[in-house]
Amino acid sequence: MSGLLERLRGRGWRMTSQRRVVAEVLDGDHVHLTADEVLVRAAERLPEISRATVYNTLGELVALGEVMELSTDGRAKRYDPNAHRPHQHLVCSDCGTIRDVHPAGDPLADFPAEERFGFTVSEVQITYRGLCPSCVAGAPHM
């Protein structure tokens, strides 16, 4: 059983076949799918799943805090199941590929108190941007 499925079962989330398929599609490292990509992959496993069910399930997972909704540079929202391990993202500026990264250290350490303007900082989101190896090489994406 996957980490996401285990967490959802532990919370007593009602596990219908449609919800299970969406959770299975989202499970894994470096998963950052759009809702439409989730729909396509879920429909391969469960052809009768509807777009509304996928969108509603994604909304529930975000509301539960089990999946993060990401938006980068005005592109389609993406869904990240790695919601319980602090991490940052590495984004390809060309194709939009996203990878989870876990740099060592405290991101607040280099954020001087005088630059916080009295804010009590509760969360840090860092996005690293560059070109993925495929874009650097000019290779087509699959």
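Residues numbered from 1 in each chain as written. Predicted model: local features only at pLDDT ≥ 70, side-chain atom pairs only at ≥ 80, totals over all residues. Heavy atoms only, no water.

Turning next to the sheet that holds strand S6 (residues 127–130). Either a parallel or an antiparallel arrangement is found when strands of a sheet pair, and the pairing is made through backbone hydrogen bonds. Spatial strand order, S5-S4-S6: three strands in an open sheet with mixed pairing. Two strands in the sheet have a free side with no partner beyond their single neighbour: strand S5 (98–101) and S6. Mean inter-strand twist for the sheet, computed between neighbouring axes without regard to direction, equals 25°. Where strand S4 (residues 88–92) lies against S6, four bridges are found, and the strand directions are parallel. Among the inter-strand pairings, Leu90 is bridged to a residue of S6, identified as Tyr128. (Pairing = 2+ DSSP bridges. Helix = DSSP H or I, 4+ residues; strand = E, 2+ residues; numbered from the N terminus. Axes fitted to C-alpha atoms, helices over the stretch in contact; angles between N-to-C directions.)

The next subject is the packing of helix H2 (residues 17–26) against helix H3 (residues 35–45). It is at 9 Å that the axes of H2 and H3 come closest, and there the two elements cross at 120°. One way to sum up the angle between H2 and H3 is to call them oblique. Relative to H3, H2 is oriented so that their crossing is right-handed. For the pair H2 and H3, contact is made by Val21, Val22, Glu24, Val25 and Leu26 and by Val38, Arg41, Ala42 and Arg45, respectively. Considering only residue class, the contact of H2 with H3 consists of six nonpolar, no polar and three charged. (Parallel < 35°, antiparallel > 145°, perpendicular 65-115°, else oblique. Left-handed = near helix turned anticlockwise from the far one by under 90°. Contact = heavy atoms within 4.5 Å. Nonpolar A, V, L, I, M, F, W, Y, C, P; charged D, E, K, R; others polar.)

Let us look at the layout of surface pockets. Within this model, the largest pocket holds a volume of roughly 440 Å³. Looking at the lining of the largest pocket, the elements that each hand over two or more residues are strand S2 (68–70) and S4. (1 Å grid on protein atoms, 1.4 Å probe; cavity = no way out; pocket = protein on both sides within 12 Å on 5 of 7 lines; lining within 4 Å. Points joined across faces, edges and corners; volume = space filled by probe spheres on them.)

Moving on: H3. Turning to H3, its buried residues are Ala35, Val38, Leu39 and Ala42. Down the axis of H3, the sector holding all buried residues measures 100°, keeping them to one side. Within H3, the exposed residues directed more than 90 degrees away from the buried face are Val40 and Glu44. (Buried < 20%, exposed > 50% of the residue type's maximum accessible area, 1.4 Å probe, protein only. Arc of directions from axis to C-beta.)

The complete set of buried residues in H2 reads Arg19, Val21, Val22, Ala23, Val25 and Leu26. In the core, the buried residues of H2 are packed alongside helix H1 (3–10), strand S1 (33–34), H3, helix H4 (51–64) and strand S3 (78–80). Downstream of H2 by one or two residues, Gly28 has phi in the positive range, about 135°.

Turning our attention to the nonpolar core. Formed by 23 residues in total, the largest nonpolar core has its most connected members in Val22 and Leu26. At the level of elements, H1, H2, H3 and H4 are the ones that each hand at least two residues to this core. Residue contributions to this core peak at five residues, all from H2. If near-sequence neighbours (up to four positions away) are discounted, Leu26 is found in contact with Leu4, Val31, Val38, Leu58, Leu61, Val67, Tyr79 and Pro81. (Core = buried A, V, L, I, M, F, W, Y, C linked by side-chain atoms within 4.5 Å.)

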